[in-house]
Amino acid sequence: MSVWDDLQGQAPVVEQLRRAAAQERPNHAWLFTGPPGSGRSNAARAFAAALLCEQQDPAARGCGSCRACRTALAGSHADVTSVTTEKVTISIDEARDLVRRAQDRPSTGRWRVIIVEDADRMQERSTNVLLKAIEEPPPRTVWLLCAPSPGDVLVTIRSRCRAVGLRLPPADDVADLLVRRDGIDPELARQAARAAQSHIGIAKRLATDSGARERRDRIVRLPLSLRSVPGAMKAAADLVALAEAEAQASFEERDAAERDALLSSLGVEPGGTVPAALRSQVKRLEEDQARRAKRSKNDYFDRALTDLLSFYRDVLLLQLDAGGTDLVNAGLRAELEEFAGKGSPEQTLARMEEINAVRRRLVTTNVQPLLAIEAMALSLL
Ligand SMILES: [Zn+2]
């Protein structure tokens, strides 16, 4: 095995990173880009492990079995600092702290590696602090930034970074990964990878949580009930409720895991009472979690709309090509075929554009999700 094993379907990137890790002086700043779910942070972590790998032969770095590789992948290597805006908000003070930490010499490894996931979501002031550190790098520090596309980070940062471009892997590769890494049943993995349209994280969630599967299934069936104005209003309300239920379920799961991790790092037994002196730390985590929940709710509306879109995408494929097409929602083939027979590709394209328009509106304006989605549902009739 090696640290590259989980980078399914990313052969050119693996080759690029493997070569860089074997060099004596790799570039000191890297920008990992790729669509959500393509595995940007997995790639950054694998590269961090390879940079720190203890193998004597440079070409063998990233062995996956030495202590450095294992701890770097698990997120517990002393010389790897990972920041995710999903976990905490990166304040300017935290960015400064990060820059200070970047000045430290590595404690055990050859490099100090700093991974910034969602570099695109940092506030501009924090980014400016970071820029300074990237412009004048300490000699043993390597920065690994992750963002959806190069255009999402300041050009001044981008120009200092070596680019690593990931693609969305084919669904079969995502399914293989779920089988091998997470021990998921092959047929279930295949369905989940396809339904998630190759988004690795969502595919895993669909494969491991029957509630998430059921909610997605209900969203994808909504167009079948769009026949009247009251039906459209109900479908819109259902879509909003399903997206909110999915957000709630995944927050609860992650929040509880983070709380457990914090308590165990503070030495509190699972289920034990939190000593008064530590309560403020727990409270701070809960506040961060509440802020995050508020901020990332839109992601779940977008996901629900992407699932809805996949229905019309399948319809369009059937309308354009009667043969054995690769459907995202293969389980609904009969319903999709019937639906496709009743309309034209032009109609389907117009509906897809309505859904994409509301996705953009939700991101760029403060419109109430229910109102925007009701308007969309009416336009889908
Ligand atoms: Zn190793």
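Residues numbered from 1 in each chain as written. Predicted model: local features only at pLDDT ≥ 70, side-chain atom pairs only at ≥ 80, totals over all residues. Heavy atoms only, no water.

(A) The coordination of the zinc ion, seen in detail. At the metal site, the zinc ion is ligated by Cys 53 (SG), Cys 63 (SG), Cys 66 (SG) and Cys 69 (SG), and these contacts range over 2.3 to 2.4 Å. Taken together, the four donor atoms coordinating the zinc ion and their angles of 106 to 117° define a geometry best described as tetrahedral. Here the donor residues for the zinc ion map to a single chain with the spacing C-x9-C-x2-C-x2-C. Taken together, the positions of Cys 53 in the loop between helix H2 (40-52) and helix H3 (67-74) and Cys 63 in the loop between H2 and H3 put the pair 10 residues apart, joining distant regions of the chain. According to the relative accessible area criterion, Cys 53 is buried, its value standing at 1%. (Donors = N, O, S within 2.8 Å, 3.2 Å for Na, K, Ca; no water. Tetrahedral: all angles 85-135°; square planar, octahedral: opposite > 155°, others 65-115°. Helix = DSSP H or I, 4+ residues; strand = E, 2+ residues; numbered from the N terminus. Buried < 20%, exposed > 50% of the residue type's maximum accessible area, 1.4 Å probe, protein only.)

(B) Expanded view of the sheet that holds strand S1 (residues 29-33). Taken in spatial order, the five strands line up as S2-S3-S4-S1-S5 in an open sheet, and their pairing is parallel. A single partner strand is all that each edge strand has here, and the edge strands are strand S2 (80-83) and strand S5 (162-165). Strand-to-strand, the axes of this sheet are offset by a mean angle of 15°, without reference to chain direction. With four bridges connecting them, S2 and strand S3 (residues 112-116) associate as parallel partners. Bridging from a neighbouring strand, Val 80 pairs with Val 113 of S3. Helix H5 (residues 124-135) contacts S1 and strand S4 (141-147) of the sheet and is inclined by roughly 140° relative to S4. (Pairing = 2+ DSSP bridges. Axes fitted to C-alpha atoms, helices over the stretch in contact; angles between N-to-C directions. Contact = heavy atoms within 4.5 Å.)

(C) Molecular detail of the domain arrangement of the protein chain. In terms of domain boundaries, the protein chain breaks down into domain 1 (11-165), domain 2 (171-208) and domain 3 (224-379). Each partner contributes residues to the interface: domain 2 has seven residues there, and domain 3 has 12 residues. Between domain 2 and domain 3 lies a buried interface of about 720 Å² when both sides are counted; carbon and sulfur atoms form 38% of it. On the domain 2 side of the contact with domain 3, Arg 194, Gln 197 and Arg 205 bury the most area, a combined 74% of that side's loss. The tally of links from domain 2 across to domain 3 stands at three salt bridges. Between Glu 253 and Arg 205 there is a salt bridge, and its shortest N-O distance comes to 3.4 Å. Here domain 2 is connected to domain 3 by five residue pairs in polar contact (both at pLDDT 80 or more). Within the residue set of the side of domain 2 that touches domain 3, elements represented by two or more residues are helix H8 (186-195) and helix H9 (200-208). (Domains from an automatic or database assignment. Buried area = accessible area lost by both parts, 1.4 Å probe. Salt bridge = Lys/Arg side-chain N within 4 Å of Asp/Glu carboxyl O. Polar contact = N/O pair within 3.5 Å; in protein donor to acceptor, adjacent residues only side chain to side chain.)

(D) Representation of the pattern of salt bridges within the structure. Per the counting criterion, the structure on display carries 29 salt bridges. A salt bridge links Lys 234 to Asp 238; the nearest nitrogen and oxygen atoms lie 2.8 Å apart. Remark: Asp 238 and Lys 234 occur in helix H11 (residues 229-265); sequence separation between them is four residues, near one turn of the helix. Each of Arg 205, Asp 209, Arg 215, Glu 246 and Glu 253 takes part in one network of salt bridges that share partners.

(E) Molecular detail of the packing of aromatic side chains. Under the criterion given, the structure shown has six aromatic pairs. On the numbers, 5.3 Å between centres and 80° between planes, the contact of Phe 311 with Tyr 312 is edge-to-face. Residue Phe 311 shares its accessibility class with Tyr 312, and that shared class is buried. With a centroid separation of 6.1 Å and an interplanar angle of 75°, the aromatic rings of Tyr 312 and Phe 339 are classed as edge-to-face. On the criterion of sequence distance, the pair formed by Tyr 312 in helix H12 (residues 279-320) and Phe 339 in helix H13 (residues 333-341) is long-range, its members being 27 residues apart. Connected via pairs of aromatic rings, a cluster forms that spans Trp 30, Phe 32 and Phe 47. If you follow Arg 140 out to its NZ or CZ, it ends over the ring of Trp 111, 4.3 Å from the centre. Across from the ring centre of Trp 30, 5.9 Å away, lies the NZ or CZ of Arg 162, which sits over that ring. (Phe/Tyr/Trp six-rings, centres within 6.5 Å; stacked < 30°, edge-to-face > 60°. Lys NZ or Arg CZ within 6 Å of the ring centre and 35° of its normal.)

(F) A look at the packing of helix H10 (residues 210-221) against H11. Viewed as axis vectors pointing N to C, H10 and H11 meet at an angle of 160°, and their least axial separation amounts to 10 Å. Of the possible angle classes, the one that applies to H10 and H11 is roughly antiparallel. Like other packed secondary-structure pairs, H10 and H11 cross with a definite hand, here left-handed. Along its contact with H10, which presents Ala 212, Arg 215, Arg 218 and Ile 219, the element H11 presents Leu 239, Leu 242, Ala 245, Glu 246 and Ala 249. When the residues that make up the contact of H10 with H11 are grouped by side-chain class, the tally is six nonpolar, no polar and three charged. (Parallel < 35°, antiparallel > 145°, perpendicular 65-115°, else oblique. Left-handed = near helix turned anticlockwise from the far one by under 90°. Nonpolar A, V, L, I, M, F, W, Y, C, P; charged D, E, K, R; others polar.)

(G) Quick peek at helix H1 (residues 11-22). Look at H1: 17 Å from first C-alpha to last across 12 residues, which is about the 16 Å you get at 1.5 Å a residue. Residues of H1 that are buried in the fold lie against S1, H2 and S5. (Expected span 1.5 Å × (residues − 1).)

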